[in-house]
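Architecture and fold: a report
So you can see what is in the structure, the chains are spelled out below.
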Amino acid sequence: MKLFGIVLLSLGALNTVANAEDTNSQCHNEMVLLTIWQSPNLISYADYSSSTATLRVDSRSWLQTPAAAHQQIGLAAYCIVHSRYPEGKVIIVGSSDEDFGLAEAGIWHDRLFGK
């Protein structure tokens, strides 16, 4: 029963991260991934209102997260912005305004690891 409550809580958070009402269904898996990363308070805010989307993350949590997860998160957010703005991009910003990365044209650019 506890697991069911966690799943419902995560699904409720989906709108916070992805603003799903006008996102193509092609990004459903990406929205679920972003919701999962929001649960441990890694992702605090997402703004997809323009072609340059912003994903704000907790700086300490981001630095403790593996680089492979950074890429997954960046590209998942890119799917959402790309479905609205074909030439869009996503900037990952830390809680102290650090520039952690950029996803554009389907490619992740990690500012920490140079990938």
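Below is a summary of the structure that appears in this document.

Definitions and cut-offs
Residues numbered from 1 in each chain as written. Predicted model: local features only at pLDDT ≥ 70, side-chain atom pairs only at ≥ 80, totals over all residues. Heavy atoms only, no water. Buried < 20%, exposed > 50% of the residue type's maximum accessible area, 1.4 Å probe, protein only. Helix = DSSP H or I, 4+ residues; strand = E, 2+ residues; numbered from the N terminus. Salt bridge = Lys/Arg side-chain N within 4 Å of Asp/Glu carboxyl O. Pairing = 2+ DSSP bridges. Axes fitted to C-alpha atoms, helices over the stretch in contact; angles between N-to-C directions. Contact = heavy atoms within 4.5 Å. Parallel < 35°, antiparallel > 145°, perpendicular 65-115°, else oblique. Left-handed = near helix turned anticlockwise from the far one by under 90°. Core = buried A, V, L, I, M, F, W, Y, C linked by side-chain atoms within 4.5 Å. Expected span 1.5 Å × (residues − 1).

1. Focus on unusual backbone geometry
The backbone of Asn-41 shows a phi angle near 65°, a positive value even though the residue is not glycine. Given the relative accessible area of 57%, Asn-41 is considered exposed. Residues other than glycine seldom take positive phi values, yet Ala-105 does so here, at roughly 55°. Inspection of the secondary structure puts Ala-105 in the loop between β4 (99-104) and β5 (107-110).

2. Looking at the pattern of salt bridges
Under the definition given, this model contains 2 salt bridges. Arg-56 is the partner of Asp-97 in a salt bridge, and the nearest nitrogen-oxygen pair spans 3.1 Å. Remark: Arg-56 occurs in strand β2 (residues 52-57) and Asp-97 occurs in the loop between β3 (89-94) and β4; sequence separation between them is 41 residues. With a closest N to O distance of 3.1 Å, Arg-111 and Asp-99 form a salt bridge. Within this pair, whereas Arg-111 is found in the segment after β5, its partner Asp-99 is found in strand β4, the two being separated by 12 residues in sequence. A residue is classified by how much of its surface remains accessible, and Arg-111, at 45% relative accessible area, is partly exposed.

3. Description of the sheet that holds β3
Ordered in space as β1-β2-β3-β4-β5, the 5 strands form an open sheet in which the pairing is mixed. Looking along the sheet, the strands with just one partner apiece sit at the ends: β1 (43-47) and β5. The average undirected angle you get between the axes of adjacent strands in this sheet is 15°. Here β2 pairs with β3 via 6 bridges, running parallel. Directly across from Thr-54, in β3, lies its bridge partner Ile-91. Most of the contacts of helix α4 (residues 67-84) go to β5, to which it runs at about 130°, and overall it touches β1, β2, β3, β4 and β5.

4. Looking at the packing of helix α2 (residues 28-38) against α4
For the pair α2 and α4, interaxial distance at closest approach is 9 Å and the crossing angle is 130°. Taken together, the axes of α2 and α4 lie oblique to each other. Crossing angle aside, the handedness with which α2 passes α4 is left-handed. On α4, the residues that touch Glu-30, Met-31, Leu-33, Leu-34 and Trp-37 of α2 are Ala-69, Gln-72, Ile-73, Ala-76, Ala-77, Cys-79 and Ile-80.

5. Let's talk about the nonpolar core
Core analysis: the biggest nonpolar cluster contains 23 residues, and Leu-34, Tyr-48, Leu-55, Trp-62, Ile-73, Val-90 and Ile-92 have the highest contact counts within it. At the level of secondary structure, the elements contributing two or more residues to this core comprise α2, β1, β2, α4, β3 and β4. The leading source of residues in this core is α4, at 7 residues. In contact with Trp-62, not counting residues within four places along its chain, are Leu-42, Val-57, His-70, Ile-73, Ile-92, Phe-100, Trp-108 and Leu-112.

6. Let's talk about α4
Given a rise of 1.5 Å per residue, 18 residues ought to cover 26 Å, and the 26 Å separating the end C-alpha atoms of α4 matches this to within 8%. Turning to α4, its buried residues are Ala-69, His-70, Ile-73, Gly-74, Ala-76, Ala-77, Tyr-78, Cys-79, Ile-80, Val-81 and Ser-83.

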